[in-house]
Amino acid sequence: MRQVFFGTEASTDWNRQHLEEQLGRQYHHYNIDIRDQESLNKLFRQYGTAIELVVHTAAQPSHDWAAREPITDFTVNANGTLNLLEATRQFCPKAVFIFTSTNKVYGDTPNTLPLVELERRWEVDEKHPFYSGIDESMSIDQSKHSLFGVSKVAADVLVQEYGRYFEIPTACFRGGCLTGPNHSGTALHGFLSYLMRCVCTGKPYTIYGYKGKQVRDNIHSHDLVSAFYHFYKAPKIAEVYNMGGSRYSNCSMLEAIESCQQISGKQLNWTYTETNRIGDHIWYISDTRKFQSHYPDWRQEYNLEQLLADIYNKNIERWLSQEVGQHV
Ligand SMILES: NC(=O)c1ccc[n+]([C@@H]2O[C@H](COP(=O)([O-])OP(=O)(O)OC[C@H]3O[C@@H](n4cnc5c(N)ncnc54)[C@H](O)[C@@H]3O)[C@@H](O)[C@H]2O)c1
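Residues numbered from 1 in each chain as written. Predicted model: local features only at pLDDT ≥ 70, side-chain atom pairs only at ≥ 80, totals over all residues. Heavy atoms only, no water.

**Quick look at the sheet that holds strand S9 (residues 239-243)**
On the basis of which strands lie adjacent, the open sheet formed by 4 strands has the order S1-S2-S5-S9 and parallel pairing. Either end of the sheet is taken by a strand with one partner, and the two such strands are strand S1 (53-56) and S9. Within this sheet the neighbouring strands show an average axis-to-axis angle of 20°, counted without direction. In this sheet, strand S2 (residues 96-102) lies alongside S1 in parallel orientation, the contact comprising 4 bridges. Bridge pairing in S2 places Val 54 opposite Phe 97. (Pairing = 2+ DSSP bridges. Helix = DSSP H or I, 4+ residues; strand = E, 2+ residues; numbered from the N terminus. Axes fitted to C-alpha atoms, helices over the stretch in contact; angles between N-to-C directions.)

**What to know about empty space enclosed by the protein**
Applying the stated rule across the entire model yields 1 cavity of 30 Å³ or more. The computed volume of the largest cavity comes to approximately 40 Å³. Lining the largest cavity are Glu 9, Trp 14, His 183, Ser 184, Gly 185, Ser 193, Arg 197, Arg 318 and Trp 319. Only helix H6 (191-201) and helix H10 (304-327) provide two or more residues apiece to the lining of the largest cavity. Tallied by class, the residues present in the lining of the largest cavity amount to 2 nonpolar, 4 polar and 3 charged. (1 Å grid on protein atoms, 1.4 Å probe; cavity = no way out; pocket = protein on both sides within 12 Å on 5 of 7 lines; lining within 4 Å. Points joined across faces, edges and corners; volume = space filled by probe spheres on them. Nonpolar A, V, L, I, M, F, W, Y, C, P; charged D, E, K, R; others polar.)

**Topic: the pattern of salt bridges**
Evaluation of the coordinates by the stated rule reveals 17 salt bridges. With its nearest N and O atoms 2.7 Å apart, the salt bridge here joins Arg 277 to Asp 64. Residue Arg 277 is located in the loop between strand S11 (270-273) and strand S12 (283-284), and its partner Asp 64 is located in the loop between S1 and helix H4 (70-91); the two are separated by 213 residues in the primary sequence. Take Arg 277: its relative accessible area is 25%, and that puts it in the partly exposed class. Among the salt bridges present, the one from Glu 86 reaches Arg 89, with a minimum N-O distance of 2.9 Å. Here the residue Glu 86 and the residue Arg 89 both occupy positions in helix H4, the gap between them amounting to 3 residues, near one helical turn. According to the relative accessible area criterion, Glu 86 is buried, its value standing at 14%. Given the relative accessible area of 33%, Arg 89 is considered partly exposed. Each of the salt bridges in this network shares a partner with another, and the network as a whole consists of Asp 64, Arg 216, Arg 277 and Asp 280. (Salt bridge = Lys/Arg side-chain N within 4 Å of Asp/Glu carboxyl O. Buried < 20%, exposed > 50% of the residue type's maximum accessible area, 1.4 Å probe, protein only.)

**Quick notes on the site of the ligand**
Contacts to the ligand come from 24 residues, most closely from Arg 2, Asp 33, Lys 152, His 183 and His 189. For the ligand, a nitrogen atom lies 2.9 Å from a polar atom in the backbone of Ile 34. Considering the ligand on its own, with 810 Å² of exposed area, one finds that the protein chains cover 84% of that surface. Mapped by element, the contributors of at least two residues to the shell around the ligand are helix H1 (2-6), S2, helix H5 (146-166) and strand S6 (177-179). Along the lines of polarity and charge, the residues of the shell around the ligand split into 11 nonpolar, 9 polar and 4 charged. (Near = heavy atom within 4 Å. Polar contact = N/O pair within 3.5 Å; in protein donor to acceptor, adjacent residues only side chain to side chain. Areas by Shrake-Rupley, 256 points an atom, 1.4 Å probe, with all protein chains shown as cover.)

**Remarks on the nonpolar core**
When a protein is soluble and globular, its nonpolar side chains tend to lie buried together. Core analysis: the biggest nonpolar cluster contains 24 residues, and Phe 44, Ile 51, Leu 84, Phe 97, Phe 99 and Val 159 have the highest contact counts within it. Counting residues per element, the ones that place at least two in this core are H1, helix H3 (37-47), H4, S2 and H5. Those residues in contact with Phe 99 that sit more than four places away from it in its chain are His 56, Thr 81, Lys 152, Ala 155, Asp 156, Val 159, Ala 171, Cys 172 and Phe 173. (Core = buried A, V, L, I, M, F, W, Y, C linked by side-chain atoms within 4.5 Å. Contact = heavy atoms within 4.5 Å.)

**Considerations on helix H7 (residues 221-233)**
An α-helical turn contains 3.6 residues, so a residue and the one three or four places further along point in the same direction. Given a rise of 1.5 Å per residue, 13 residues ought to cover 18 Å, and the 18 Å separating the end C-alpha atoms of H7 matches this to within 8%. Asp 223, Leu 224, Ala 227, Phe 228 and Phe 231 are the residues of H7 that are buried. Take H7 and look down its axis: the buried residues cluster within an arc of 150°, on one side only. (Expected span 1.5 Å × (residues − 1). Arc of directions from axis to C-beta.)

In structure tokens, the structure reads:
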């Protein structure tokens, strides 16, 4: 589906092949659309209570793409999540259910924080309680979410409800930017992975608004999966956690470009457009202290430089060979 949404460059097939080669018979891939309730139920019935953990990451993940086909976006993100929850309730109600929600559930409310313009980034006023990051107390109501944000809110509250109402151990991880070396970055989604790819291959890159000083926190998939593992080992019911790079791993667009250029030794070919993406956050850093307090043994291992270096090292050959392939 990622290929359907964003074209062949964004396909995740290469990673599926990699998993099949690496893990052999330990890995079983079922190519099922989460909108297809009947096929999902068949799979869940087949494994039943042997299913101990559901990590639900399937989505239409782009803020901007959602406005092109709101019905596709909603049926994948909201109805698809409902199908998975219902299959879990019917066939493996003791399984832990982890859902990758998003910071877009807060809509554009983060843009109302008192921001200070620094030379290379926007920052929140140091005296503000959210200086360390935005926590789960921010309202998800009455703001501009994007259609994507709305379909994820629907899914997020469904996941919470299946926890509270049916006592299934569910968790919503409201992600900042989640990425890593296996991300199939593309212009509409997967910011750091796509940025590094553009720096390395000479593809032109566009910055949309906010003077390029917009800030995101970025967490390596290794650290995210480690958080999932901690939750799985000691689950709770209907939890909500903000999860991202936090103060430990974040950057502005301009800072990210500089780091990518340093790591690769190449220069990005970029242009600036004054108009920002609708409802786009100016500054977002996750406060992960609630998760940390519930799971004190969890810690982030990758800071921004290590994350970017890992994306670079594990992809450079594949990207360059794809470029050659396209030009032959
Ligand atoms: N990457 C981020 O910065 C970020 C931030 C916040 C939340 N999230 C959430 O994390 C999850 C994973 O994001 P990602 O960045 O890995 O995106 P991704 O697009 O790489 O992964 C989503 C996967 O879901 C699959 N998929 C899409 N529609 C499907 C369908 N109908 N049935 C079955 N599979 C389907 C896609 O093919 C893709 O492999 C998503 O739920 C996304 O909303 C991501």
